[in-house]
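Report on the structure
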Amino acid sequence: MPLSTHAAPFVRLALANITREYPNFPAHLTLSADERVAPRSLHPAFYGAYDWHSSVHMHWLLVRLLRRHGGTPALPDTGPAVDALDRHLTAENLAAEAAYLRDHPSFERPYGWAWLLALAAECRACGGPTGARWAEALAPAVAAVDRLLADWLPKATYPVRHGNHPNSAFALGLALDSGELSATTERAVRERLLSWFTDDHDAPAHWEPSGQDFLSPALSEADAVRRVLPKDEFAAWLDRFLPALGSGAPCPPLDVPVVSDHADPQIGHLLGLTLSRAAALRSLAGALPDGPVRDRLSAAAEEHLAAGLPAVERGDFTTDHWLATFATLALDQAPGR
């Protein structure tokens, strides 16, 4: 099913969420009774969608859909989306967001950082005066993230491997895809991914999934390594990392997870796992030569996508504030090459 089929409802979801201030889960350490901690006070651009990173990537979703489908029969009316983005992505609002990032150097590290870079890249790709205006407004926040990454990477001796927001592989892969990093920081990201992961083998895939994963540790790592190794070397690495793929043995990251309670905010993360896995499986398949491993990954991707898509628009804020982003990542990643 193409992304265009979902463009209009996903835009409605994103608009409803980025402008919804409450309920809100601010990841802010309050140091005194005098602090103003209302979401709009802390984050004038990214105050909605429950938490900062979800607000950022739902803004990304809006810009992505405008760029791909705005003005087409799939999305003929772009006015409300453009108006909301114009209100949020102003130079003044984003200067405040950049200052907050600089003042709180571990805030949203690295997941929210990566999504901010992805948003800036999408605005730049959108083109025209509107996209250029948004990208220019985002530039100070992008510079802040670049500096924060450059300062953090030398201290990041070990990667975070679990399937939640601090996962190192997913965020750094997304950061590389953005093309928004300075040459020095991009080189540092590539070097860190290689140092962390290229010697890995026999991943404990039978441990997946954990009870509140929305990322697959194994597939996120593999998808990050795909970005930094040549194709022929990557295929050999993947065979060592997940040998079950080639042998035909059971491989749990290929099995659609059971989601016992869609409305539970933590168990509901597994709905996102179906979609993030679909995106990773599609991209991994596209990096491999024709053969049974590629076919197996592609088939698993479609099974995950079919299981996850119906959950995106449920009318339940616990999932509505974020799942459409991961559905878009999966739908936009073409099957195969």
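Just so we're clear, the structure is a prediction, and the values are computed from it rather than from any experiment.

1. Focus: the overall build of the chain
Scanning the chain from terminus to terminus reveals 16 helices and zero strands. Here the C-alpha radius of gyration of the chain, 19 Å, is about what a compact globule of 337 residues would show, namely 20 Å. Principal-axis analysis of the C-alpha atoms places the extent of the chain at approximately 60 × 45 × 40 Å. When the 337 residues of the chain are sorted by exposure, 54% land in the buried category. Across the chain, the fraction of contacts at a sequence separation of at least 24, relative to all contacts at a separation of at least 6, is 76%. Put simply, the chain shows about 14000 Å² of open surface, and 55% of that area lies on carbon and sulfur atoms. Charge-centre separation for the chain: the mean point of 28 positive side chains lies 4 Å from the mean point of 40 negative side chains.

2. Re the packing of aromatic side chains
Centre distance and the angle of the planes are the two values used to describe a pair of aromatic rings. Inspection of the entire model under this criterion finds 17 aromatic pairs. Between Tyr100 and Phe107, the aromatic rings sit 4.9 Å apart at their centres with planes inclined by 75°, giving edge-to-face as the arrangement. Exposure class is identical for Tyr100 and Phe107. Each is buried. Seen from their ring centres, Trp237 and Phe241 are 4.5 Å apart, and the 20° between their planes marks the pair as stacked. Taken together, the positions of Trp237 and Phe241, both in helix H11 (residues 231–241) and four residues apart, correspond to about one turn of that helix. We classify Trp237 as buried; its relative accessible area is 1%. Relative accessible area serves as the criterion here: at 2%, Phe241 is assigned to the buried category.

3. Overview of helix H4 (residues 79–88)
Along H4, the positions that sit buried rather than exposed are Ala81, Ala84, Leu85 and His88. For H4, the angular spread of buried residues about the axis comes to 95°, placing them on one side. Residues of H4 that are buried in the fold lie against helix H1 (7–18), helix H3 (52–69), helix H5 (91–103) and helix H7 (128–152).

4. Comments concerning the pattern of salt bridges
Overall, the coordinates contain 18 salt bridges when judged by the stated rule. In this structure, Arg124 and Glu180 form a salt bridge, with 3.0 Å as the shortest nitrogen-oxygen distance. Of the two residues, Arg124 is situated in helix H6 (residues 111–126) and Glu180 in the loop between helix H8 (168–178) and helix H9 (183–197); the sequence distance between them amounts to 56 residues. For Glu186, the salt bridge is made with Arg190, and the minimal N-O distance between the two is 3.2 Å. Here the residue Glu186 and the residue Arg190 both occupy positions in helix H9, the gap between them amounting to four residues, near one helical turn.

5. Observations regarding the layout of surface pockets
In this structure, the largest pocket encloses a volume near 580 Å³. Around the largest pocket, the lining is made up of 29 residues, and of these Leu174, Asp177, Arg227, Leu329 and Gln333 lie nearest the centre. Sorting the residues of the lining of the largest pocket by element identifies H3, H6, H8, helix H10 (217–228), helix H13 (269–286) and helix H16 (323–332) as the ones contributing at least two each. Per-element tally for the lining of the largest pocket: the top contributor is H10, with six residues.

6. Observations concerning empty space enclosed by the protein
Per the counting criterion, the structure on display carries one cavity of 30 Å³ or more. Estimated volume of the largest cavity: approximately 100 Å³. Together, 14 residues line the largest cavity, and Asn24, Pro26, Ala27, His43 and Trp52 are the ones closest to its centre. For the lining of the largest cavity, a count of residues per class yields ten nonpolar, three polar and one charged.

7. Thoughts on the packing of H3 against H4
Where H3 contacts H4, the axes come no closer than 11 Å and their chain directions differ by 135°. Looking at the two axes, H3 sits oblique to H4. The handedness of the crossing between H3 and H4 comes out as left-handed. Two secondary-structure elements touch here, H3 through His59, Leu62, Val63 and Leu66 and H4 through Ala81, Val82, Leu85 and His88.

8. Section: unusual backbone geometry
Here the residue pair Tyr22 and Pro23 is connected by a cis peptide bond, since its omega of 0° sits within 30 degrees of zero. Relative to the helices and strands, Pro23 resides in the loop between H1 and helix H2 (39–42). Cis geometry is found at the peptide bond from Glu208 to Pro209, where omega equals -10°. Mapped onto the fold, Pro209 is located in the loop between H9 and H10. At Ala49, a residue that is not glycine, the phi angle is positive and equals roughly 60°. For Ala49, the location among the structural elements is in the loop between H2 and H3. Positive phi values are uncommon outside glycine, yet Glu108 reaches one of about 60°. As for its placement among the helices and strands, Glu108 is situated in the loop between H5 and H6. A relative accessible area of 14% places Glu108 in the buried class.

Reading the values: the criteria
Residues numbered from 1 in each chain as written. Predicted model: local features only at pLDDT ≥ 70, side-chain atom pairs only at ≥ 80, totals over all residues. Heavy atoms only, no water. Helix = DSSP H or I, 4+ residues; strand = E, 2+ residues; numbered from the N terminus. Rg over C-alpha atoms; globule rule 2.2 N^0.38 Å. Buried < 20%, exposed > 50% of the residue type's maximum accessible area, 1.4 Å probe, protein only. Contact = heavy atoms within 4.5 Å. Areas by Shrake-Rupley, 256 points an atom, 1.4 Å probe, with all protein chains shown as cover. Lys, Arg positive; Asp, Glu negative; His and termini not counted. Charge placed at Lys NZ, Arg CZ, Asp CG, Glu CD. Phe/Tyr/Trp six-rings, centres within 6.5 Å; stacked < 30°, edge-to-face > 60°. Arc of directions from axis to C-beta. Salt bridge = Lys/Arg side-chain N within 4 Å of Asp/Glu carboxyl O. 1 Å grid on protein atoms, 1.4 Å probe; cavity = no way out; pocket = protein on both sides within 12 Å on 5 of 7 lines; lining within 4 Å. Points joined across faces, edges and corners; volume = space filled by probe spheres on them. Nonpolar A, V, L, I, M, F, W, Y, C, P; charged D, E, K, R; others polar. Axes fitted to C-alpha atoms, helices over the stretch in contact; angles between N-to-C directions. Parallel < 35°, antiparallel > 145°, perpendicular 65-115°, else oblique. Left-handed = near helix turned anticlockwise from the far one by under 90°.

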